[in-house]
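So you can see what is in the structure, the chains are spelled out below.
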Amino acid sequence: MEIMKRTADCGSLKKNDTGRKIILNGWVHRKRDHGGVSFINLRDRYGITQVIVDSESDGGQAELATVCAELRNEFCVAVEGTVRERPADMINPSMSTGEIEVLASKIVILNRCETLPFQIDEESSASEDLRLKYRYLDLRSGAMQNRIRLRSEVTFAVREWMTAGGFFEIETPTFIKSTPEGARDYLVPSRLYPGKFYALPQSPQLYKQILMAAGFDKYFQIARCYRDEDARGDRQPEFTQIDIEMSFVSRDDVLSMTEGLFGHVFKKTLGVDLPAQFLRLTYEEAIENYGTDKPDLRFDMRMRDFAPFVEAGGFQAFKDALTQGEARRQEAAEKGVTSAGGGVKALVVKGKADYSRKQIEELEAHAKIYKAKGMAWMKVAANTAAPGGIALEGGVSKFFAEDAPRITRELEAEAGDLILIVADASRKIANTALGAVRSKLGRDLGLCDAKRFEFAWIIDFPMFEFNEEENRWEAAHHMFTMPQEKYHPALESDPGAVKGDLYDLVLNGYELASGSIRIHDPELQKRIFKIVGIAPAEAEKKYGFLTEAFKYGAPPHGGIAPGLDRLIMIMAGQTSIKEVIAFPKNSFAASPMDDCPSDVDQKQLDELHLVVK
Ligand code: ASP
C-alpha cells in the first residue's frame, strides 16, 4: 500500500494556512454525522484537527462518502484536504487548531480498529490492569502523551545541563556481581558458569565510585535500577535514576550542582523559576518540626514542643511519657549510647476548632497507624472572662486551663484553632505519629497545590539505624557514606550518635534524591563494614574489589542520585510513577500486556542448569 504521507501534523494548522492543500495522517478520535456533513476529529501526537466531509459541497463524491461512513474511532487514516477558516461561531480557542478545519477531498484507511476495550479520552478512566493490558491504547490519551513528552524533554534537559557542566555520560554494566544490602537483587543465571549468577544493579553505586578512582572526575548516567522488593505502595521493580558522581568535592559542591541542574530542568521544561538555593534543614529539625525526613513544605503547620507545659498541667499520660522516656534515655546513656527520650508534641490546626469529635477521632486513628497510643486535643476560644481573654475548651483542656495564655502564645494559637497533642515515651514515635497527622491534614485541607514546587535539603542524617528485628546496626543510607569527621573516633562505641556526610533532596513531601560524600579510605570502609555486621572475610568477598580500588590513590568523591520517575511524576502533578513510565509493571510486579513474568521452556532451564522446585 502506498502511504499518503503527511505534509502537516494535526496540531499546528492555523488561520494563515487557509487555502493550503495538505495531507494529514492520524487516528479518528471522534466522528459525528450532522445532516449530510461528517465532522472527524483527527488526532496525532501533536494535537487534533477537525476534518469535514461534506458530500454536497464536494459535488457528491460517492467514494469519499463511502469511506467516511466506514470510519470508526481509532481507525488509522490519511486525509487529503484543503484548510479553511472556521465560521466565527465555530472557533474553538481551547484547541491549537481551533481557528481552522480541513475540508476533505480524499480519505484512505491505513488500518482498521476493532471494538475498543475503552475509549481514548483525555484521561483514561479504565481500571489499572485494563490500561496496562492495552497500554498502547492507553498511551494514545492526551494526558499520557503529554507526560511521556515531558519525560523526554526532562531527560534531554538533564543531559544538556550535565554535558555543559563537563560531566561525561558513562554506561555501567547491568550484569553485575550480587551484593545485596537492603533490597533483594534480581538474579540472572549464567549459562556458561553453572550455578553462578549475575545480578541486575540496584544502583550503579560501586561502579560510579570506581569511575572516580579511574580519574573521570564528573560522571552521570540516566541509569535503570532494579530492586526485587515486595509490591508496596508505588514501587516498580525497575526504575530510573539520574546517577551522578564527582571527585574532589565537598557536600556543598554537590548541593549547588544539583540546584543548578533542577533550576535548568524546571525552567526549560515547565518555565518555572526555582530559587537559586534550596532551603536546608537538618534531619533533627525536619523530624522535630514536621515529624518526617521528607516534609511537604507547601504548607507550614510546624509541630511544637508541648513538654514545657506538662509539669504544670496535671495530665498523667503526658507526665508518664516524659518520665518513662527519661528512664530510657538514662538507661541508654549508662551503656554509652545516645537516646532521645520521650516527647510531647503539639500541632495547631488553624481555624479548625469546629472539627467534630468524629473528625478528630479519624485523625487519632491515623496517628495510631504510626504507633501513637492516642491523641489528645483542645480547642482555642475567645473568652473575655478567662485570663488573657483566651480559653482552652474540650478534650484535655481542663488540665491546662490556667496556663491557656502562655500555651496559646508559645504555640501561636488563636481563637478558633484546634490543638492536637501526641505524647510518647519514644520521642521518635511522638514526632512521627503527629507528623503523619500533619501530612494527612495537608492533603485533607487542600494545602498541597500540585503547581507549587517546594524543594529542601535534609542534611546531617544519622549514619546508622538500629534494626530491632535483626538486632544490629545498619547504614541509614548506604555503607559507602562518609561519617562526619568529628565522629570518626567514636564510630564503634556509639553508632547511634554518628552523623553521616549525607543529604536528601525532598520535593513536596517526596524524597527526590539521596546522596553522600563517600569513603575513599579502605581502612575506614572496613570499619563501617564491621559496624553493620559484615565479617571481614565476607566484606572482602563481596566488596574487596572496591576497597582494592581505594588502595591506588582513589580521590575524595561524592555524588547523588535523583529519581527520574518520581521527578516527572511530581512535575506532571501525578501521584503514581506508573503515570509517567511508558510500560510500568502493575502493583503485583507483572505486565498484563505481554504476560510477564512468564514460564520458560524446559530446554532453556536445562541450558541454565536450573531446576524449578
Ligand atoms: N546510589 C544511591 C542510591 O541509589 C544514591 C547515591 O548515594 O548517589 O540511593
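See the structure printed just above.
Residues numbered from 1 in each chain as written. Predicted model: local features only at pLDDT ≥ 70, side-chain atom pairs only at ≥ 80, totals over all residues. Heavy atoms only, no water.

Q: Go over the overall build of the protein, please, and point to the residues and values.
A: When you go through the protein residue by residue, the secondary structure sums to 15 helices and 22 strands. Taken over the C-alpha atoms alone, the protein extends approximately 95 × 80 × 50 Å along its principal axes. Every one of the 613 residues in the protein was classed for burial, and the buried ones make up 48%. Within the protein, counting contacts between residues at least 6 apart in sequence, those at least 24 apart form 68% of the total. Entry remark: accessible area of the protein is about 30,500 Å², with carbon and sulfur atoms responsible for 51%. The centroid of the 80 positive side-chain charges in the protein is displaced by 1 Å from the centroid of its 93 negative side-chain charges. (Helix = DSSP H or I, 4+ residues; strand = E, 2+ residues; numbered from the N terminus. Buried < 20%, exposed > 50% of the residue type's maximum accessible area, 1.4 Å probe, protein only. Contact = heavy atoms within 4.5 Å. Areas by Shrake-Rupley, 256 points an atom, 1.4 Å probe, with all protein chains shown as cover. Lys, Arg positive; Asp, Glu negative; His and termini not counted. Charge placed at Lys NZ, Arg CZ, Asp CG, Glu CD.)

Q: Tell me what's going on with the sheet that holds strand E12 (residues 303-305), and back it up with residues and numbers.
A: An order of E12-E13-E16-E14-E15 is seen for the five strands of this open sheet, with the pairing classed as antiparallel. The sheet terminates laterally at E12 and strand E15 (390-393), the two strands that pair on one side only. When strand polarity is set aside, the average angle formed by the axes of neighbouring strands in this sheet is 30 degrees. Relative to strand E16 (residues 418-424), strand E14 (residues 376-382) runs antiparallel, the two being bridged by four bridges. Considered in E16, the bridge of Ala376 is made with Ile421. Packing of helix H11 (residues 427-444) onto the sheet brings it into contact with E12, strand E13 (343-349) and E16, and relative to E13 it is tilted by some 15 degrees. (Pairing = 2+ DSSP bridges. Axes fitted to C-alpha atoms, helices over the stretch in contact; angles between N-to-C directions.)

Q: How would you summarise the nonpolar core if you had to cite specific residues and measurements?
A: Formed by 64 residues in total, the largest nonpolar core has its most connected members in Val154, Ile244, Phe262, Phe266, Phe455, Met479 and Leu567. Sorting elements by how many residues they give to this core places helix H6 (residues 251-270) first, with seven residues. Excluding anything up to four places from it in sequence, Phe262 contacts Leu274, Phe278, Phe455, Leu505, Leu512, Pro562 and Leu567. (Core = buried A, V, L, I, M, F, W, Y, C linked by side-chain atoms within 4.5 Å.)

Q: Hey, could you go over the site of the ligand for me, with residue numbers and the actual values?
A: In the neighbourhood of the ligand, the contacting residues comprise Ser203, Gln205, Lys208, Arg227, Gln241, His477, His478, Ser514, Gly515, Arg518, Ile560 and Ala561. Arg227 is positioned with one of its side-chain polar atoms (N or O) 3.2 Å from an oxygen atom of the ligand. Taking His477, its side chain carries an N or O atom lying 3.0 Å from an oxygen atom of the ligand. The protein chains hide 92% of the 270 Å² of surface that the ligand would expose on its own. (Near = heavy atom within 4 Å. Polar contact = N/O pair within 3.5 Å; in protein donor to acceptor, adjacent residues only side chain to side chain.)

Q: Outline unusual backbone geometry, supporting the account with residue identities and numerical values.
A: For the bond from Cys596 to Pro597, the omega torsion is 5 degrees, close enough to zero to count as cis. Not every positive phi belongs to a glycine, and Glu74 is a case in point at roughly 70 degrees. Mapping Glu74 onto the fold places it in the loop between helix H1 (62-70) and strand E4 (76-85). Although it is not a glycine, Lys371 sits at a positive phi angle of roughly 75 degrees.

Q: Please give an account of the pairing of strand E2 (residues 37-44) that cites residues and values.
A: Burial analysis of E2 places seven of its eight residues in the buried class, the great majority of the element. Judged from the seven bridges that link them, strand E1 (residues 21-34) and E2 form a sheet pairing that is antiparallel. Paired with Arg30 across the two strands is Asn41, which belongs to E2. Between E2 and strand E3 (residues 47-54), which pair antiparallel one after the other, the connecting turn spans two residues.

Q: Any details on the side chain of Asn508? Residues and values, ideally.
A: Along the chain, the position of Asn508 falls in the loop between strand E20 (502-507) and strand E21 (510-517). Among the polar contacts made by the side chain of Asn508, one reaches the main-chain amide nitrogen of Glu454 at a distance of 2.8 Å. Those residues within four positions of Asn508 in sequence are excluded, and the remaining contacts are Asp296, Arg298, Arg452, Phe453, Glu454 and Ile570.

Q: So, the sheet that holds E2: which residues are in play, and what are the values?
A: Taken in spatial order, the five strands line up as E1-E2-E3-E5-E4 and close into a barrel, and their pairing is mixed. Across the sheet, the mean angle from the axis of one strand to that of its neighbour is 55 degrees, orientation sign disregarded. The sheet contact formed by E4 and strand E5 (residues 100-111) spans ten bridges and is antiparallel. Across the sheet, the residue bridging to Ala78 is Val108, located in E5. Contacting E1, E2, E3 and E5, H1 runs over the sheet at an angle of about 70 degrees to E5.

Q: Talk me through the packing of helix H12 (residues 522-531) against helix H13 (residues 536-550); I want residue IDs and the actual numbers.
A: The interhelical angle for the contact between H12 and H13, taken along N-to-C directions, is 155 degrees, at an axis separation of 9 Å. In this view, H12 runs roughly antiparallel relative to H13, as classed from their interaxial angle. Helix-helix and strand crossings are classified by hand; for H12 and H13 the assignment is right-handed. Every residue of H13 that contacts H12 at Pro522, Gln525, Lys526 and Phe529 is listed here: Ala539, Tyr543, Thr547 and Phe550. By residue class, the composition of the contact of H12 with H13 is five nonpolar, two polar and one charged. (Parallel < 35°, antiparallel > 145°, perpendicular 65-115°, else oblique. Left-handed = near helix turned anticlockwise from the far one by under 90°. Nonpolar A, V, L, I, M, F, W, Y, C, P; charged D, E, K, R; others polar.)

Q: Pulling in residues and values, what's your account of the pairing of E14?
A: Where burial is concerned, most of E14 is hidden: six out of the seven residues are buried. As paired strands, E14 and E15 are joined by four bridges and run antiparallel to one another. Considered in E15, the bridge of Val380 is made with Leu392.

Q: Quick one: what's the story with the state of the cysteines, residue by residue and with numbers?
A: Tallied over the entire structure, the rule returns zero disulfides. Free cysteine: Cys113, not disulfide-bonded; nearest cysteine sulfur from Cys76 at 10 Å. Residue Cys225 stays outside any disulfide, its sulfur separated by 18 Å from that of Cys596, the closest cysteine. (Disulfide = S-S within 2.5 Å.)

Q: Account for the environment of Glu361, with residues named and values stated.
A: Secondary-structure assignment places Glu361 in helix H9 (residues 357-369). Its relative accessible area of 46% is what places Glu361 among the partly exposed residues. Between the C-alpha atom of Glu361 and that of His478, which follows or precedes it by 117 residues, the distance is 39 Å.

Q: Can you tell me about empty space enclosed by the protein, naming the residues and giving the values?
A: Summed over the entire model, instances satisfying the criterion amount to one cavity of 30 Å³ or more. What the largest cavity holds in volume is close to 80 Å³. Lining the largest cavity are Tyr186, Arg227, Glu229, Asp230, Ala231, Arg235, Gln236, Pro237, Asn586, Ser587 and Ala589. A per-class count over the lining of the largest cavity returns four nonpolar, three polar and four charged. (1 Å grid on protein atoms, 1.4 Å probe; cavity = no way out; pocket = protein on both sides within 12 Å on 5 of 7 lines; lining within 4 Å. Points joined across faces, edges and corners; volume = space filled by probe spheres on them.)

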